[in-house]
Amino acid sequence: MIFLPVGDSRETEQTIRDDCHLLQEFIVFAVLYTAISVVYRLLLTGAQKRYFEKLSIYCDRYAEQIPVTFVLGFYVTLVVNRWWNQFVNLPWPDRLMFLISSSVHGSDQHGRLLRRTLMRYVNLTSLLIFRSVSTAVYKRFPTMDHVVEAGFMTTDERKLFDHLKSPHLKYWVPFIWFGNLATKARNEGRIRDSVDLQSLMTEMNRYRSWCSLLFGYDWVGIPLVYTQVVTLAVYTFFFACLIGRQFLDPSKGYAGHDLDLYIPIFTLLQFFFYAGWLKVAEQLINPFGEDDDDFETNWCIDRNLQVSLLAVDEMHMSLPKMKKDIYWD
Amino acid sequence: MIFLPVGDSRETEQTIRDDCHLLQEFIVFAVLYTAISVVYRLLLTGAQKRYFEKLSIYCDRYAEQIPVTFVLGFYVTLVVNRWWNQFVNLPWPDRLMFLISSSVHGSDQHGRLLRRTLMRYVNLTSLLIFRSVSTAVYKRFPTMDHVVEAGFMTTDERKLFDHLKSPHLKYWVPFIWFGNLATKARNEGRIRDSVDLQSLMTEMNRYRSWCSLLFGYDWVGIPLVYTQVVTLAVYTFFFACLIGRQFLDPSKGYAGHDLDLYIPIFTLLQFFFYAGWLKVAEQLINPFGEDDDDFETNWCIDRNLQVSLLAVDEMHMSLPKMKKDIYWD
Amino acid sequence: MIFLPVGDSRETEQTIRDDCHLLQEFIVFAVLYTAISVVYRLLLTGAQKRYFEKLSIYCDRYAEQIPVTFVLGFYVTLVVNRWWNQFVNLPWPDRLMFLISSSVHGSDQHGRLLRRTLMRYVNLTSLLIFRSVSTAVYKRFPTMDHVVEAGFMTTDERKLFDHLKSPHLKYWVPFIWFGNLATKARNEGRIRDSVDLQSLMTEMNRYRSWCSLLFGYDWVGIPLVYTQVVTLAVYTFFFACLIGRQFLDPSKGYAGHDLDLYIPIFTLLQFFFYAGWLKVAEQLINPFGEDDDDFETNWCIDRNLQVSLLAVDEMHMSLPKMKKDIYWD
Amino acid sequence: MIFLPVGDSRETEQTIRDDCHLLQEFIVFAVLYTAISVVYRLLLTGAQKRYFEKLSIYCDRYAEQIPVTFVLGFYVTLVVNRWWNQFVNLPWPDRLMFLISSSVHGSDQHGRLLRRTLMRYVNLTSLLIFRSVSTAVYKRFPTMDHVVEAGFMTTDERKLFDHLKSPHLKYWVPFIWFGNLATKARNEGRIRDSVDLQSLMTEMNRYRSWCSLLFGYDWVGIPLVYTQVVTLAVYTFFFACLIGRQFLDPSKGYAGHDLDLYIPIFTLLQFFFYAGWLKVAEQLINPFGEDDDDFETNWCIDRNLQVSLLAVDEMHMSLPKMKKDIYWD
Amino acid sequence: MIFLPVGDSRETEQTIRDDCHLLQEFIVFAVLYTAISVVYRLLLTGAQKRYFEKLSIYCDRYAEQIPVTFVLGFYVTLVVNRWWNQFVNLPWPDRLMFLISSSVHGSDQHGRLLRRTLMRYVNLTSLLIFRSVSTAVYKRFPTMDHVVEAGFMTTDERKLFDHLKSPHLKYWVPFIWFGNLATKARNEGRIRDSVDLQSLMTEMNRYRSWCSLLFGYDWVGIPLVYTQVVTLAVYTFFFACLIGRQFLDPSKGYAGHDLDLYIPIFTLLQFFFYAGWLKVAEQLINPFGEDDDDFETNWCIDRNLQVSLLAVDEMHMSLPKMKKDIYWD
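Remember, predicted model here, so these are calculated numbers, not experimental data. (Residues numbered from 1 in each chain as written. Chains lettered and ligands numbered in written order. Predicted model: local features only at pLDDT ≥ 70, side-chain atom pairs only at ≥ 80, totals over all residues. Heavy atoms only, no water.)

**Notes on the overall build of chain A**
So, step 1. What chain A contains, in helices and strands, is 13 helices and zero strands.
So, step 2. In chain A, the order of α-helices and β-strands from amino to carboxyl end is α-α-α-α-α-α-α-α-α-α-α-α-α.
So, step 3. Here the C-alpha radius of gyration of chain A, 29 Å, is well above what a compact globule of 329 residues would show, namely 20 Å.
So, step 4. Judged by the C-alpha coordinates and their principal axes, chain A covers about 95 × 65 × 30 Å. (Helix = DSSP H or I, 4+ residues; strand = E, 2+ residues; numbered from the N terminus. Rg over C-alpha atoms; globule rule 2.2 N^0.38 Å.)

Set out below in structure tokens:
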């Protein structure tokens, strides 16, 4: 995505999709506008035309009073901030794999098992949260069986997990296992002392806080009324424009209607403008969906498991031979 | 709420309630508007009509001058930020139960008692704060007797608590007990060393800071004048609209009054729009009430106690058997 | 203030005071408006009336150009943020008393003296800052003698404090004493090890940072020009309204002057609206004054001393007997 | 750049370039405006002129409705915040070189090698990220061979790096090496204890978080639709101005067209104004390009390597002789 | 500045200076306005007057379109935030002197020398940064000789400093010395253990981060184009007002020109208003200059050196005799 031009193509693709969506709405708008225009020009009788002209002027007057820009400005700022905070709080296990690789000792099988299991608990914690938060992840792991099959959980763990009686969600369970296992490793001398242990614990707590913040963002969204109010304002504006921005018969001498251009270029641009801005908000308000432009959580899950097992197992204490660098003396 | 469609139904329900509330206000507005309209059209004499028409134009002119959008924009931004900060600072004992489960050793009865008591003090600290902050919680625990009955406090603790002479609130008392008990556990060797102990202490201090921040949000709210100013602006606007947005007799030729539509569609939409926005603020300004859309603090209290006792007692040092994961080699 | 309805009454009281203040200004505005109205209607000759009418239209036109809403919006947002940050950074000794109570050992007289003295230094540090920051506190403690009398300082400490030669403020002195005393306690074994000691030190440094942030807010305020600019804008607007919002003789046919209502209802509401908003800012810009609605710093000082001495002395290692809670098994 | 007036000259240079860019666009705008003006004045027939005049008035009316200021205001605020956060999160190795120099002991060759290698891994971590993020750095280091040649990596390290099989980016590898090497140093006694080690680890984790935040800013940009919407709004406005702000024949008596100044001074100023503001955003939206005004990442990379090797090797334990300062007693 | 009314007098003085500056600009504006007015009224012939009147109306129309308020609002918010962040990040050595006084032991000459030297390095670090950032400090210390003379550096240190070959700035050198010296003190047993040492190191790193943040604010300012755009907007507005707000001959019947007041009271107020707001920004954009209202960095430097040496030397382990406080029992 980064070293290759792939990144660009992905971005282009996304832009195309968004533009497609916008284009659909735009076509609907243009067709409706044209239909009304045709009816006005060709079908209405004289008196009906006069009535329509008054209606058009009335709509235009109110269209200008709707504070679309301002409302969109405040709303989009709120949505963009939430979206960015969610991105920044995606849980990455890199800090933990760094500490586990260097603080949990032993290259024998037990040591490897310890580090891999700790790392698996970390990944399992975030997977359980992601299942709640992201539709894409939920579709991939609809039941705990899928979680076990994918290798995030062993069957023994599954049994213990199911065995726990609680009316509440149990996504915190692997997190406690992590603490117990780390403590056990310390008692066995695999983790040298309390300083190393607490360093791991602190980091795990930080990881869990990221997870629970994501959960919080999902649980308590922007108040629905706010979104409704903004959408209502924008669509009311478009509706008012459909009638109010018609070119009226210049010969009737209505103020600001001296010209019949047939194509309402500025109104169409304004449509693109406001609909595009609203699209920004819609696209960002739930970044954990299945759209192309949402966060690729399933990719994250795979990357995190693969990379973190690699880091704590194969790379544990593997070091290139130290050599003098080229600036030595 | 998450794995089940329950979450959706709750959200729908809330939306319905809000819409109900909005609907009531909307009906009042529509009825008043209709009443004025009927009086103007049917009851007034010619001269009275002329006077009313002037009044209407006067009101309309000033309605447009009221900067409702702007004021609501700034105000709602402030309210939404406060509300979100309160949500983010709800005290969750998960970080502490993680540390207590792994740092306070001993599977014997004394060890279990230690961990459970520490955990209870944590929950008691937040319960005392919640009683001050949330009406729903206060109703459930109107006296300290209810706190004792619900198992958050023993009778011995109650006595010691009552025995303390202080003219000030005493919600910090279980917090000090926590410190004393942890220190005692360290002296007995149940907590291994100062590093483990200070890790617990730091976490408890963080927990308490969340509590006191909630208390602070409750204690010092948005200045009342601010809220009054905003509400005044919005309702003045609606009042001005009731008269100023009447359809005047088109035959009199008042500017912008060429058309009599009977139903003031844009004014009604504007009402929905501004009243809805104000509703967002009203709903969020005190999130600790008893409404359906407030934070479910009573549920939190139950969840926290249940889950945290489970984590530090039944789950203490319980670990699934370590097995090689499916990616091993 | 919280468990009792007192809180409510306090809030009501404050609102009443604010409203009083607003009311006074409102009455001045209304009287001036009426006076001008009377002069215009009764005292002026025909030519003078014509001149006044032109003046009124001129004023009205410019009144609308003054961007009061916008300026107030930006300014009030700034002021509210500063005010809230000051509230959030009020120094509370709870975190420190928690650590001192559990980390400084010994129930004998020397141990008690140690803990009480440490705690006193903490309170003294914030008292010295509060004296600089808050007029209310400064009035209560105009000289160091008052500080000594109130028991925050002993006479020996006073001597040492005065003895230190420095051209700069010396509020940091008790803070250094705290460090020295804690180190001494560590050397005597009253604080067990460096981990406990550094935990105390870190917390004390945090406490001092709160203090110095308050000091900073006091030292460097919102640039005076900013406040002046906003006030100027608002009062210019009111002044322009006094003349520009007069009802002119409808028979003269000035645009927008078809109606003589005598009472300029919308202008009066606008006055309430803008003056109220400005009041929000004025009330919050210096929250350490002596008004009812300012932070009750003197109350804080008393509460903090009383509660913190209680926590580190009487409550030191006092623990209720541990009993099984009602959910045991 | 700082002690010398060079800084000023650089700033002047940048301003000149920006002004150049602006100037080009300005000339295009002015030429188009003049062309249209000439066509209108000299080439059009009477009827065509009348039509153009109506078109001009139409365009002018809509130009005023485009909320350019507002949209630019919100957008530029967002862009400036992102840009500043990227600057603040540039990874500087100063904190790490400070700790490595003082915590990794031994002035012999092995000790020097240890410190230099650790420091090199730190620099390598950020270099790999910079290659992904900054075009300028990518051009300088198009392949890993260039990284090896520049002395950031030895050939042995290169081999091990290439040997690792992973479908994902491997910029975290030197970061794991750092952890392993630091642990090895601790086992050998070169790092004294866990406290020193964890201090290093924490700092390295902080460094990596800066790196990954930069990566995140690059990976997930401001939604493209947002940028398009803003640019569309501004250029639509300019387009409407080209026609709408023409001076029409004063003899025709169009409202607001009493004067023919030939040069539309205010429109030109408005162009400078809006185009300049948009330029601010364009200049800041990707601060890791190759423009003069972007962050000088290549300079950073060189400075960081040079300074950090100096600090941990030549300066290790080198201390000036302690002498009494001039204020002694 | 705080216990004395001095603070008030300083604030008054600053206000006076600002007002002076504003006054100058105001007088220039008023004189120009008067000159144009006189020319229009007395010197122009009839046809010229007609032409000027059209010009004036033209200017007035565009003056109203310039969104001065909005642009100033966004800009001033940005500037105020930067300015406040710079104030908050001024480096104060209080946290470090607190730790050094209590963690670096020994009342003998070597101990004193150690603490004083450490403290001097802290102050030297910030001094080197301040020299880059603040013109006032740079004037006071134009060369390193002045730094040595003022006692921040010894001649030995100067030599070692100069001896270091680096093409980059060397302000980080005393910071490395600090680390080396602290490590040496630990090896000698003057600092007891790694916990105490790392506590010092962390604090020193925090201090340096403050310094480098200040440096960053100086290095990368608000994009110049932004400032230019805002200034251009404001001065264009004033220029348009000079012509557009002239009182035109009422007898000509131009709309809104029924009255000749000679003194354009609202325009003058608007001038004060906008120029004042711009002044806020200009005053805050570089707070490290030599103006009266800039941060008094030279005072800070003196205060910090004096106070910190006092705290770590004279006050080291000096404690008032512990006595029972007046609330004992």
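Once the structure has been displayed, the description carries forward.
**A short note on the packing of helix α4 (residues 94-103) of chain D against helix α5 (residues 109-133) of chain D**
All names here are of chain D.
So, step 1. Remark: α4 packs on α5, axes separated minimally by 10 Å, with the N-to-C direction vectors making an angle of 165 degrees. Comparing their axes, α5 and α4 come out roughly antiparallel. Like other packed secondary-structure pairs, α4 and α5 cross with a definite hand, here right-handed. Counting all contacts with α4, which are made through Leu96, Met97, Ile100 and Ser101, the residues of α5 involved are Arg115, Leu118, Met119 and Val122.
So, step 2. Here the residues of the contact of α4 with α5 sort into six nonpolar, one polar and one charged. (Axes fitted to C-alpha atoms, helices over the stretch in contact; angles between N-to-C directions. Parallel < 35°, antiparallel > 145°, perpendicular 65-115°, else oblique. Left-handed = near helix turned anticlockwise from the far one by under 90°. Contact = heavy atoms within 4.5 Å. Nonpolar A, V, L, I, M, F, W, Y, C, P; charged D, E, K, R; others polar.)

**A word on the side chain of Asn298(A)**
Residues and elements named next belong to chain A.
So, step 1. Counting through the fold element by element, Asn298 comes out in helix α13 (residues 297-314).
So, step 2. Only 3.4 Å separates the side chain of Asn298 from the backbone oxygen of Ala136, close enough to count as a polar contact.
So, step 3. Not counting chain neighbours up to four residues away, the residues in contact with Asn298 comprise Ala136, Val137, Arg140 and Phe141. (Polar contact = N/O pair within 3.5 Å; in protein donor to acceptor, adjacent residues only side chain to side chain.)

**Points about the interface of chain E and chain C**
So, step 1. The interface of chain E with chain C comprises 80 residues on the first partner and 81 residues on the second.
So, step 2. Around 7400 Å² of area is buried between chain E and chain C when both sides are counted, 69% of it from carbon and sulfur atoms.
So, step 3. At the junction of chain E with chain C, the criterion picks out three salt bridges.
So, step 4. For Arg208(C), the salt bridge identified is with Asp94(E), shortest N-O distance 3.5 Å.
So, step 5. Inspection of the region where chain E meets chain C yields 19 residue pairs in polar contact (both at pLDDT 80 or more).
So, step 6. Top contributing element to the side of chain E that touches chain C by residue count: helix α12 (residues 265-285) of chain E, with twelve residues.
So, step 7. Broken down by class, the residue content of the side of chain E that touches chain C amounts to 41 nonpolar, 16 polar and 23 charged. (Buried area = accessible area lost by both parts, 1.4 Å probe. Salt bridge = Lys/Arg side-chain N within 4 Å of Asp/Glu carboxyl O.)

**Brief notes about the nonpolar core**
So, step 1. Counting 586 residues, the largest nonpolar core has Trp172(A), Trp172(B), Trp172(C), Tyr226(C), Trp172(D) and Trp172(E) as its most contacted members.
So, step 2. With residues up to four places along the chain from it excluded, the contact list for Trp172(D) reads Asp94(A), Met97(A), Arg303(A), Val307(A), Leu310(A), Ala311(A) and Met315(A). (Core = buried A, V, L, I, M, F, W, Y, C linked by side-chain atoms within 4.5 Å. Buried < 20%, exposed > 50% of the residue type's maximum accessible area, 1.4 Å probe, protein only.)

**Quick look at the pattern of salt bridges**
So, step 1. Evaluation of the coordinates by the stated rule reveals 94 salt bridges over all chains.
So, step 2. Here Glu25(A) makes a salt bridge to Lys279(A), at a shortest N to O gap of 3.2 Å. Of the two residues, Glu25(A) sits in helix α1 (residues 6-43) while Lys279(A) sits in helix α12 (residues 265-285), which places them 254 residues apart along the sequence.
So, step 3. Exposure remark for Lys279(A): the relative accessible area of 7% places this residue in the buried category.
So, step 4. Three or more residues joined by partner-sharing salt bridges are found here, namely Arg112(A), Arg116(A), Asp313(A) and Asp325(B).

**What about the relation of the copies chain D and chain A?**
So, step 1. The two copies are related by a screw motion: chain D maps onto chain A through a turn of 72 degrees and a shift of 0.0 Å along the axis, at an RMSD of 0.0 Å. One copy is carried onto the other by what is essentially a five-fold rotation axis. Residues of chain D ranked by C-alpha distance from the rotation axis are headed by Val195(D), positioned 5.5 Å from it.
So, step 2. Each copy contacts the other with its own distinct surface, as only 4% of the interface residues of chain D are interface residues in chain A too. (Least-squares fit on C-alpha atoms with pLDDT ≥ 70 in both.)

**Some remarks on the relation of the copies chain E and chain C**
So, step 1. Each copy of the sequence occupies a distinct position, and chain E is placed on chain C by a rotation of 72 degrees and an axial shift of 0.0 Å, giving an RMSD of 0.0 Å.
So, step 2. A distinct binding surface is used by each copy, with only 4% of the interface residues of chain E retained as interface residues in chain C.

**Things to note about the environment of Arg115(B)**
Residue and element names in this part refer to chain B.
So, step 1. Relative to the helices and strands, Arg115 is located in helix α5 (residues 109-133).
So, step 2. In sequence terms Arg115 and Met315 are 200 residues apart; their C-alpha atoms lie 11 Å from each other.
So, step 3. With near-sequence residues (within four places) excluded, Arg115 lies in contact with Ile100, Ser101, Val104, His105, Gly106, Ser107, Val312 and His316.

**With respect to helix α4 (residues 94-103) of chain E**
So, step 1. Most of α4(E) is tucked away: ten of the ten residues are buried.
So, step 2. Turning to α4(E), its buried residues number three or more, namely Asp94(E), Arg95(E), Leu96(E), Met97(E), Phe98(E), Leu99(E), Ile100(E), Ser101(E), Ser102(E) and Ser103(E).
So, step 3. Residues of α4(E) that are buried in the fold lie against α9 (173-187) and α10 (194-219) of chain C together with α5 (109-133), α9 (173-187), α10 (194-219) and α13 (297-314) of chain E.

**Section: the side chain of Arg190(C)**
All names here are of chain C.
So, step 1. Inspection of the secondary structure assignment puts Arg190 in the loop between α9 and α10.
So, step 2. Reaching out from Arg190, the side chain makes a polar contact with the side chain of Asp108 at a distance of 2.8 Å.
So, step 3. Residue contacts for Arg190: discarding those within four places in its chain leaves Ser103, Val104, His105, Gly106, Asp108, His110, Gly111, Leu114 and Ala185.

**A short note on the packing of aromatic side chains**
So, step 1. Throughout the structure, instances matching the rule amount to 185 aromatic pairs over all chains.
So, step 2. On the numbers, 6.0 Å between centres and 50 degrees between planes, the contact of Tyr58(C) with Phe266(E) is tilted. Taken together, the residues span two chains, with Tyr58(C) in helix α2 (residues 46-65) and Phe266(E) in helix α12.
So, step 3. The structure contains a cluster of three or more aromatic residues connected by ring pairs, namely Phe26(A), Phe29(A), Tyr235(A), Phe237(A), Phe238(A), Phe271(A), Phe272(A), Phe273(A), Tyr274(A), Trp277(A), Tyr75(D) and Tyr226(D).
So, step 4. Against the face of Trp328(A) rests Arg112(D), its NZ or CZ located 4.2 Å from the ring centre. (Phe/Tyr/Trp six-rings, centres within 6.5 Å; stacked < 30°, edge-to-face > 60°. Lys NZ or Arg CZ within 6 Å of the ring centre and 35° of its normal.)

**Observations concerning the interface of chain D and chain A**
So, step 1. Chain D puts 81 residues into the contact, and the matching count from chain A is 80 residues.
So, step 2. Interface area, chain D with chain A, both sides summed: about 7400 Å², of which 69% is carbon and sulfur.
So, step 3. Counting across the chain D and chain A interface gives three salt bridges.
So, step 4. Across the contact surface, chain D and chain A share 19 residue pairs in polar contact (both at pLDDT 80 or more).
So, step 5. Secondary structure elements with two or more residues in the side of chain D that touches chain A: α2 (46-65), α3 (68-88), α5, α8 (155-163), α9 (173-187), α10 (194-219), α11 (224-244) and α13 (297-314) of chain D.
So, step 6. Here the residues of the side of chain D that touches chain A are counted per class, giving 45 nonpolar, 21 polar and 15 charged.

**Details of the packing of helix α4 (residues 94-103) of chain B against helix α10 (residues 194-219) of chain B**
Residues and elements named next belong to chain B.
So, step 1. As a packed pair, α4 and α10 sit with axes 10 Å apart at the nearest point and diverge in direction by 160 degrees. It follows from the interaxial angle that α4 and α10 lie roughly antiparallel. Crossing of α4 over α10 shows left-handed handedness. Residues Arg95, Leu96, Leu99, Ile100 and Ser103 of α4 touch α10, and the partners they reach there are Asp196, Ser199, Leu200, Glu203, Met204, Arg206, Tyr207 and Trp210.
So, step 2. Residue composition of the contact of α4 with α10, grouped by class: seven nonpolar, two polar and four charged.

**Some details on unusual backbone geometry**
Residue and element names in this part refer to chain E.
So, step 1. Residue Tyr262 is not a glycine yet carries a positive backbone phi of 70 degrees.
So, step 2. Looking at where Tyr262 falls in the secondary structure, it is placed in the loop between α11 (224-244) and α12.
So, step 3. Since its relative accessible area comes to 54%, Tyr262 is described here as exposed.
So, step 4. We note that Met317 has phi near 60 degrees; this positive angle belongs to a residue other than glycine.
So, step 5. Tracing the chain through its elements places Met317 in the segment after α13.

**Some thoughts on the environment of Glu203(E)**
Residues and elements named next belong to chain E.
So, step 1. Relative to the helices and strands, Glu203 resides in helix α10.
So, step 2. With 13 residues separating them in the primary sequence, Glu203 and Gly216 have C-alpha atoms 20 Å apart.
So, step 3. In terms of polar contacts, Glu203 uses its side chain to reach the side chain of Arg95, at 2.7 Å.

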